[in-house]
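Read off the chains here:
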Number of protein chains: 2
Amino acid sequence: MKIAIAGAGAMGSRFGLMLHQQGHEITLIDQWPAHIEAIRENGLIADLNGEMITAKMPIYAPEEIAGLDQEVDLIIALTKANQLDAMFNDIQSLINEDTHVICLLNGLGHEDVLAKYVKKENILLGITMWTAGLEGPGRAKLFGTGEVELENIEPAGEAFARKVTDIFTEAGLNAVYSTNVKHSIWRKACVNGTLNGLCTILDCNIADLGAQPVSEKMIRTIIHEFAIVAKTEHVELDEEEVFNHVATTFDPNGVGLHHPSMHQDLIKNNRLTEIDYINGAVSRKGDVQGIDTPYCDFLTALVHAKEGILGAQ
Amino acid sequence: MKIAIAGAGAMGSRFGLMLHQQGHEITLIDQWPAHIEAIRENGLIADLNGEMITAKMPIYAPEEIAGLDQEVDLIIALTKANQLDAMFNDIQSLINEDTHVICLLNGLGHEDVLAKYVKKENILLGITMWTAGLEGPGRAKLFGTGEVELENIEPAGEAFARKVTDIFTEAGLNAVYSTNVKHSIWRKACVNGTLNGLCTILDCNIADLGAQPVSEKMIRTIIHEFAIVAKTEHVELDEEEVFNHVATTFDPNGVGLHHPSMHQDLIKNNRLTEIDYINGAVSRKGDVQGIDTPYCDFLTALVHAKEGILGAQ
């Protein structure tokens, strides 16, 4: 299958590499010049569970795509949330009537962005529990195991979604076809919507957040706002189950000592965050539905204020 | 007049010194051992607008008061908000039927604490726009000018309140008798309730907070919560006027480059904050009245979480 990876950072490198190893025709697309240069020169160099692998795959900057005479069967979207729209604006020439897109970004509402570029029956949504890291331009560190859950958003997309599930699984990506991927997306968004914003604003790791007596009420209130907005999209979140799911991350012997990605983006690297696609998305959806979401509103504003204060870009 | 200063830090030193200079019989009370020791040894040494003054005044730790055979006419409360209750618990022996207390603390609801120790007709509330600093134990730096606004909380207290107004004014403290001191207290609490918590959580100065496009809505929402709760205490805040009042602080050529006191307490010195007596007080009062105050709730929780993360004491 001809597959483009829109956003070939750490996770995109994993998907590109594993699908390339299975014989698919991969095109990487990324906007980091040093990364592009390194992969063109040396290929993608990956430490895959301790085995060093070099894979030659073409890589382009998004703005180079229009000059190619190329269409693909599948685009795997793995950009940062705030880069998705610009990416697809740049790579429209890859898309024909049969091109499908699977969106694996964290956060909510990406299907609305994608619908500007591809018809709804060709849009698949998914979440992934794989991890991935970059050690430098062109160098991926890919350890551990994970899985992918995916589903078409329109009934007409089911056959292709099942095909993607098979292709991913053959490549070792452990995909399952879901009958309720939106529930999984919202449930995962609750984890990001609590840990990311709070640890960023409080400048702390997950265990430290979990150890504060006041945290439970903050987290439960945010989950409640997600749940009442999710309900308007026919997604039923069990708030107690979601809270307990979030609380499993507090364990210092698990991921507790890690800082969430938003903390790394903003506090460590002074980069703009994805808050508009997590808590900010709930605020906007709530507005449309006439539902108050004050904690999501306030947390989104605090993160934007912090972006401004730190001069994040 | 026999006057005790309950909390003889920077501001308490100013009031004690200026009233002492006018001939009043002052007793300082403070809980900082080095400060007590320095004042006992050398007197209070103050740089009063450039003039060095040494004033010999007795000073005690709160727990020493019970051992004295002494009552006073007036207690000026200038503790940190979270030390008020413990202070008055320790110094009850100073209080007789005629003893009045004037509370000059920032924040809300202190009259409820004081009412445990002194009858309501003897309680006066005030706010002060004076500034004061300590350069070290026993050494105050007192520059600039200011004023005091005060009022009895029960009609029976008016005569004494007017007497205190005169005494303060004679001592150069520029007091005015107010007919609506609660309005002034709430209006000042709005300044503290916006700048203090937000600059603390965002770790920024006032100008940086004011410069963020998202700040206006956060500040207006917090002021709105203060206003709807104040209304239940028959205090009418003009939200637009209060917002404009808060916004005057953003000017970098004014106080904008300063960090609010809560930031200094928590971020710089890792001390517990007064948030429970500002936004936290609005949350509690809102709870009692069945009024939602989510921004005050969330901001109070965030500050408490940050206190825990920093191990503040």
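Description of the structure in this document. (Residues numbered from 1 in each chain as written. Chains lettered and ligands numbered in written order. Predicted model: local features only at pLDDT ≥ 70, side-chain atom pairs only at ≥ 80, totals over all residues. Heavy atoms only, no water.)

**Remarks on the side chain of A:His35**
Quick note on the threshold: Put simply, DSSP marks the helices as runs of H or I at least four residues long and the strands as runs of E at least two long, and each gets a number from the N terminus on. Throughout this description, a polar contact denotes any pair of N or O atoms lying within 3.5 Å of each other; where both atoms belong to protein, one of them has to be capable of donating a hydrogen while the other can accept it, and for residues adjacent in sequence the pair is counted only when both atoms sit in side chains.
Positionally, A:His35 belongs in helix α2 (residues 33-42). Here the side chain of A:His35 touches A:Gly138 through a polar contact of 2.8 Å, landing on its backbone nitrogen.

**Let's talk about the sheet that holds strand β3 (residues 44-48) of chain B**
All names here are of chain B. Under the convention used in this document: When DSSP finds two or more bridges between two strands, those strands count as paired. In this analysis an axis means a line fitted to C-alpha atoms, helices contributing only their contacting stretch, and an angle means the value between N-to-C directions, from 0 to 180 degrees. Contact definition: two residues touch when any of their heavy atoms are within 4.5 Å.
On the basis of which strands lie adjacent, the open sheet formed by four strands has the order β4-β3-β10-β9 and mixed pairing. Edge strands, defined here as strands with exactly one partner in the open sheet, are β4 (51-55) and β9 (133-136). On average, each strand axis in the sheet is tilted by 25° relative to the strand beside it, whichever way the strands run. Across three bridges, β9 lies against strand β10 (residues 139-142) in antiparallel orientation. Bridge pairing in β10 places glycine 136 opposite arginine 139. Most of the contacts of helix α1 (residues 10-21) go to β3, to which it runs at about 90°, and overall it touches β3, β4, β9 and β10.

**Description of the packing of helix α8 (residues 215-231) of chain A against helix α11 (residues 279-289) of chain A**
Residue and element names in this part refer to chain A. So the rule is basically this: Each angle is binned into one of four classes, with values under 35 degrees roughly parallel, values over 145 roughly antiparallel, values of 65 to 115 roughly perpendicular, and all other values oblique. In a left-handed crossing the near helix is turned counterclockwise from the far helix by less than a right angle, and in a right-handed crossing that turn is clockwise. Residues are grouped as follows: Ala, Val, Leu, Ile, Met, Phe, Trp, Tyr, Cys and Pro are nonpolar; Asp, Glu, Lys and Arg are charged; all remaining types, including Gly, are polar.
Taken N-terminus to C-terminus, the directions of α8 and α11 make an angle of 45°; their axes are 10 Å apart at the nearest point. Looking at the two axes, α8 sits oblique to α11. By crossing handedness, the relation of α8 to α11 is classed as left-handed. In this structure, α8 uses Ile222, Glu225, Phe226 and Val229 to contact α11, whose residues at the interface are Asn279, Val282, Lys285 and Gly286. Residues of the contact of α8 with α11, tallied by class, amount to four nonpolar, two polar and two charged.

**A few points about the pattern of salt bridges**
The condition is simple: The working definition used for a salt bridge is a side-chain nitrogen of Lys or Arg within 4 Å of a carboxyl oxygen of Asp or Glu. Per-residue accessibility, obtained with a 1.4 Å probe over protein chains only, is compared with the maximum for each type, and a residue is labelled buried under 20%, exposed over 50%, and partly exposed between these values.
Applying the stated criterion across every chain, the model contains 26 salt bridges over all chains. Notably, a salt bridge pairs B:Glu64 with B:Arg40, separated by 2.9 Å at the nearest N-O pair. Of this pair, B:Glu64 sits in the loop between β5 (59-60) and β6 (74-77) while B:Arg40 sits in helix α2 (residues 33-42), and the two are 24 residues apart along the sequence. When its relative accessible area of 32% is taken as the criterion, B:Glu64 is described as partly exposed. With a closest N to O distance of 3.2 Å, B:Lys231 and B:Glu236 form a salt bridge. Each of A:Glu111, A:Lys182, A:Glu233 and A:Lys285 takes part in a single network of salt bridges with overlapping partners.

**Digging into the relation of the copies chain A and chain B**
Selection criterion: Alignment of copies: least-squares fit on C-alpha atoms of residues with pLDDT of at least 70 in both copies.
Structural alignment of chain A on chain B gives an RMSD of 0.0 Å, achieved by rotating through 180° and translating 0.0 Å along the axis. Here the symmetry operator amounts to a two-fold rotation axis.

**Some details on the nonpolar core**
The following threshold applies: What we call a nonpolar core is a set of buried Ala, Val, Leu, Ile, Met, Phe, Trp, Tyr and Cys residues that are connected through their side-chain atoms within 4.5 Å.
Core analysis: the biggest nonpolar cluster contains 138 residues, and A:Ile75, A:Phe88, A:Phe226, B:Ile75, B:Phe88 and B:Phe226 have the highest contact counts within it. Among all residues touching A:Phe88, those that are not within four sequence positions of it are A:Ala6, A:Ile75, A:Ala77, A:Ile95, A:Val101, A:Leu114 and A:Tyr117.

**Examining the packing of helix α12 (residues 294-310) of chain A against helix α12 (residues 294-309) of chain B**
Contact geometry for α12(A) and α12(B): axes closest at 9 Å, N-to-C directions at 55°. As the angle between them shows, α12(A) and α12(B) are arranged oblique. Of the two possible hands of crossing, α12(A) and α12(B) adopt the one that is right-handed. Between α12(A) and α12(B), the residues in contact are A:Pro294, A:Tyr295, A:Asp297, A:Phe298, A:Leu299 and A:Leu302 and B:Pro294, B:Tyr295, B:Asp297, B:Phe298, B:Leu299 and B:Leu302, respectively.

**Structural notes on the interface of chain A and chain B**
Where we set the bar: A quick way to say it: buried area is the sum, across both parts, of accessible area lost when two parts are put together, with a 1.4 Å probe.
Taken together, the contact between chain A and chain B spans 22 residues of the former and 22 residues of the latter. Summing the contributions of chain A and of chain B, the shared interface buries around 2100 Å²; its carbon and sulfur component is 79%. Where chain A packs against chain B, one counts zero salt bridges. Where chain A packs against chain B, one counts four residue pairs in polar contact (both at pLDDT 80 or more). Listing elements by their share of the side of chain A that touches chain B, those giving two or more residues are α6 (181-202), α8 and α12 of chain A. Looking at the side of chain A that touches chain B residue by residue, the class counts come to 15 nonpolar, three polar and four charged.

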